[in-house]
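One-letter residues, chain by chain:
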Amino acid sequence: MSEQAVLEQAVLDQAGRRRTFAVISHPDAGKSTLTEALALHARVIGQAGAVHGKAGRRGTVSDWMEMERDRGISITSAALQFEYGPAGGDKAVINLLDTPGHADFSEDTYRVLTAVDAAVMLVDAAKGLEAQTMKLFAVCKHRGIPVITVVNKWDRPGMDALALMDEIADRTGLTPTPLTWPVGIAGDFRGVLDRRDGSYRHFTRTAGGATIAPEEVFTAEQALDREGEAWATAVEESELLAETGQVHDQELFLAHATTPVLFASAVSNFGVGQLLDVLVTMAPPPADRPDVEGKPHPIDAPFSGFVFKVQAGMDTGHRDRLAYIRVCSGVFERGMVVTNARTGRPFATKYAQQVLGRERETIETAYPGDVVGLVNAASLGIGDTLYADHAVSYPPVTTFAPEHFAVVRTADTSKYKQFRKGIDTLGGEGVVQVLVSERRGDGAPIFAVVGPMQFEVAAHRMEHEFGARISLENLPYQIARITDAESAPELAKARDVEVMTRADGELLALFTNKWALGVLERNNPHLTLTPMVAAQ
Ligand code: G4P
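Quick caveat, the model's predicted, so the values are computed rather than measured. (Residues numbered from 1 in each chain as written. Predicted model: local features only at pLDDT ≥ 70, side-chain atom pairs only at ≥ 80, totals over all residues.)

This part takes up the domain arrangement of the chain. Many descriptions give the size of an interface as the accessible area lost when the pieces come together. Under the domain assignment used here, the chain contains domain 1 (3-47 + 74-282), domain 2 (289-387) and domain 3 (404-531). The set of elements that each furnish at least two residues to the side of domain 1 that touches domain 2 consists of α1 (3-17), β1 (18-25), β4 (92-97) and α5 (106-113). Per-element accounting of the side of domain 1 that touches domain 2 gives the leading share, five residues, to α1. In terms of residue class, the side of domain 1 that touches domain 2 is built from eight nonpolar, seven polar and four charged. (Domains from an automatic or database assignment. Helix = DSSP H or I, 4+ residues; strand = E, 2+ residues; numbered from the N terminus. Nonpolar A, V, L, I, M, F, W, Y, C, P; charged D, E, K, R; others polar.)

Spelled out as structure tokens, the structure:
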């Protein structure tokens, strides 16, 4: 084999070991708890609880930082990487990408979903499908991401399992294909019937779920002896599911027609090892990624990747910018000089992953599916493609339709420089979209956001990070449409419409409500008013 062929084979082998996914859910379904439990199962964390406490949880960066400090695992603030597999056997490399918890940051979550190959959807056993669950299912469907559903908190009273499956089927359009089925109703969680081999996996509680819950496996006969009626019911219900075709089929799962389901209690660590096994055996490894023209870019081509997240540096000393890249093809090697497809400019990756300021976190090599953090990334924006040798452009990462708008002013005019820097940084990171309106003589920027909590985050960071306190004046607009230079002058003259320019040069027409937009569209069919992707 030529040297080139050996290298390509190594990339294929490494990519094949990788599983890159995110845990997503409506807030409070147990995402942080499950993340912690997953890491525990991979034995990178000796005892769960290291990241316990609500306060720290919301700031996902601090979650990761605390975890890696305590346990010496490799974490960027965007991803947790660990090996998982049988002792002595081939191990899979798991990349668990972090997503923010609050619904107002759904835009961030959607961006993370551009960088994964599969998603784990957590559903609260008592609450069933909630608002954010539905939106996230829709986004996964739109992006063609296979979803593994985990019904969590089965240790607490909740819905009937069959009713829950019906709800999933009716409301998401996906056929749920449970891999395990609970023995005992919600609140009386005894274990699960493993539908793949008919065995009984008995659930043993440990004190506070602090260690890996020992899992005992019994045969069907033993299970009937132990659990009696509860086991018989589980078997009956499982047969019912089989009759309606609710049995796992790998092709249908990958085609996003079905969703395998597991039952778990993340807080007790039950079902977590099963989830990891399912990820390794069923979730797809990284594959050729379609470029901007829809043509698959070979995974064994030279290095390429795209920026899915940009963040201010965590080092308070120098506020640099970090860009997180999902590797799509080839081998990333620290120090390589790559090209930014958008600008055609070179980018030196010398400081890949000094992000964490500790030597073991410096990433030397990364393969498809991995996440690399690049520092000094001021020239990189969300969606930018980086490549070495073989030119490629991946599709841009969608920006979502903003629904809240506010004029931003500095509260202290002597801080104008800091103010400008802060606005540019927050816009560049995608914390807010930054617009300017010619109509407003003072040139004050406008923040446009999907959820109002983004305003709070932006204001807080302007004050504490850039030393520029701001005031925000809400504008009455609720809807934005993309327009163009031909339509803009006419739109600008219309009543209750304002045209603004976004930092990336895109023209946005803002409307106070859908009726105003509807009337204008009806009367002026020649105007360009393209809907943006709605986050709601
Ligand atoms: P999130 O990241 O999705 O928002 O959820 P998080 O893990 O913070 O969990 C939300 C609450 O649900 C937490 O309780 C957590 O302990 C609890 N929880 C998570 N998984 C399970 C489970 O399997 N069973 C049960 N019974 N509870 C679970 P909290 O009281 O809000 O916080 P805390 O005091 O436990 O930290």
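Quick look at the UniProt feature "binding site: GTP" (unreviewed entry) in the chain now. Under the present numbering, the feature "binding site: GTP" (unreviewed entry) in UniProt falls on Asp98, Thr99, Pro100, Gly101 and His102. Position of Asp98 relative to the elements: it lies in the loop between β4 and α5. Mapped onto the fold, Thr99 is located in the loop between β4 and α5. With 24 C-beta atoms counted inside 10 Å, the residue Thr99 sits in the buried group. If near-sequence neighbours (up to four positions away) are discounted, Thr99 is found in contact with Ala22, Ile24, Thr109 and Val112. (UniProt positions renumbered as here; feature names shortened; annotations may be inferred. Buried ≥ 20, exposed ≤ 12 C-beta atoms within 10 Å, placed from the backbone. Contact = placed C-beta atoms within 7 Å.)

We now examine the sheet that holds strand β8 (residues 180-183). Sheet strands pair by backbone hydrogen bonding; their relative direction is either parallel or antiparallel. What the four strands build is an open sheet, ordered β8-β9-β10-β11; its pairing is antiparallel. Because the sheet does not close on itself, it has two edges, and the strands there are β8 and β11 (215-218). Across the sheet, the mean angle from the axis of one strand to that of its neighbour is 30°, orientation sign disregarded. Strand direction decides the pairing type here: strand β10 (residues 199-203) and β11, joined by four bridges, are antiparallel. Within β11, the residue paired with Tyr200 across the bridge is Phe218. (Pairing = 2+ DSSP bridges. Axes fitted to C-alpha atoms, helices over the stretch in contact; angles between N-to-C directions.)

Bringing the sheet that holds strand β29 (residues 507-511) into the picture now. Pairing in this open sheet of eight strands is antiparallel, and the strands run β26-β23-β25-β24-β28-β29-β27-β30 from one edge to the other. Lying at the two open borders of the sheet, with one neighbouring strand each, are β26 (470-474) and β30 (530-531).

Right, let's get into the nonpolar core. Core analysis: the biggest nonpolar cluster contains 137 residues, and Val116, Ala119, Met121, Ala264, Ile325 and Phe447 have the highest contact counts within it. Residues contacting Met121, with those up to four places away along its chain left out, are Ile24, Ser25, Thr133, Leu136, Phe137, Val147, Thr149 and Val150. (Core = buried A, V, L, I, M, F, W, Y, C linked by C-beta atoms within 7 Å.)

Looking now at the environment of Val192. Mapped onto the elements of the fold, Val192 is located in strand β9 (residues 191-194). The exposure class assigned to Val192 is buried, which follows from the 27 C-beta atoms found within 10 Å. Discounting chain neighbours no more than four positions away, the residues touching Val192 are Thr180, Trp181, Pro182, Val183, Arg201 and Phe263.

Caution is warranted with low-pLDDT regions, since their predicted coordinates should not be read in detail. Per-residue confidence for the chain gives a mean pLDDT of 86, with 86% of residues at or over 70. Below pLDDT 50 for its whole length, residues 45-62 participates in 35 contacts with residues either more than four positions away or in separate chains. Confidence drops under pLDDT 50 across residues 354-360; counting only partners more than four residues distant or on other chains, this segment forms nine contacts. The ipTM for the predicted assembly is 0.97, set against a pTM of 0.85. (pLDDT = per-residue confidence, 0-100.)

With that settled, the discussion passes to the packing of helix α12 (residues 416-429) against helix α13 (residues 453-466). Interaxial distance between α12 and α13 falls to 10 Å at its minimum, and their mutual angle equals 130°. Considered as vectors, α12 and α13 are oriented oblique to each other. Here α12 and α13 pass one another in a crossing that is right-handed. For the pair formed by α12 and α13, the contact residues are Gln418, Lys421, Gly422 and Leu426 on the first element and Ala458, Arg461, Met462, Glu465 and Phe466 on the second. Here the residues of the contact of α12 with α13 sort into four nonpolar, two polar and three charged. (Parallel < 35°, antiparallel > 145°, perpendicular 65-115°, else oblique. Left-handed = near helix turned anticlockwise from the far one by under 90°.)

At their nearest, the axes of helix α2 (residues 31-41) and helix α11 (residues 272-282) sit 9 Å apart, and the two run at 75° to each other. Considered as vectors, α2 and α11 are oriented roughly perpendicular to each other. Contact residues: Leu34, Ala37, Leu38 and His41 in α2; Val272, Gly273 and Leu276 in α11. Here the contact of α2 with α11 is built from residues that sort into five nonpolar, two polar and no charged.

Attention shifts here to unusual backbone geometry. The backbone of His256 sits at a positive phi, close to 60°, despite the residue not being glycine. Structurally, the position occupied by His256 is in the loop between α10 (250-254) and β12 (258-263).

Another aspect to go through is the environment of Gln454. Relative to the elements of secondary structure, Gln454 occurs in helix α13. Accessibility expressed as a C-beta count within 10 Å gives 24 for Gln454, which makes it buried.

The next subject is α12. Counted at 1.5 Å a residue, the expected span for α12 with its 14 residues is 20 Å, and the 20 Å between its end C-alpha atoms agrees. Three or more residues of α12 are buried, namely Phe419, Gly422, Ile423, Leu426, Gly427, Gly428 and Glu429. Positive phi appears at Gly430, one or two residues downstream of α12, with a value of about 85°. (Expected span 1.5 Å × (residues − 1).)

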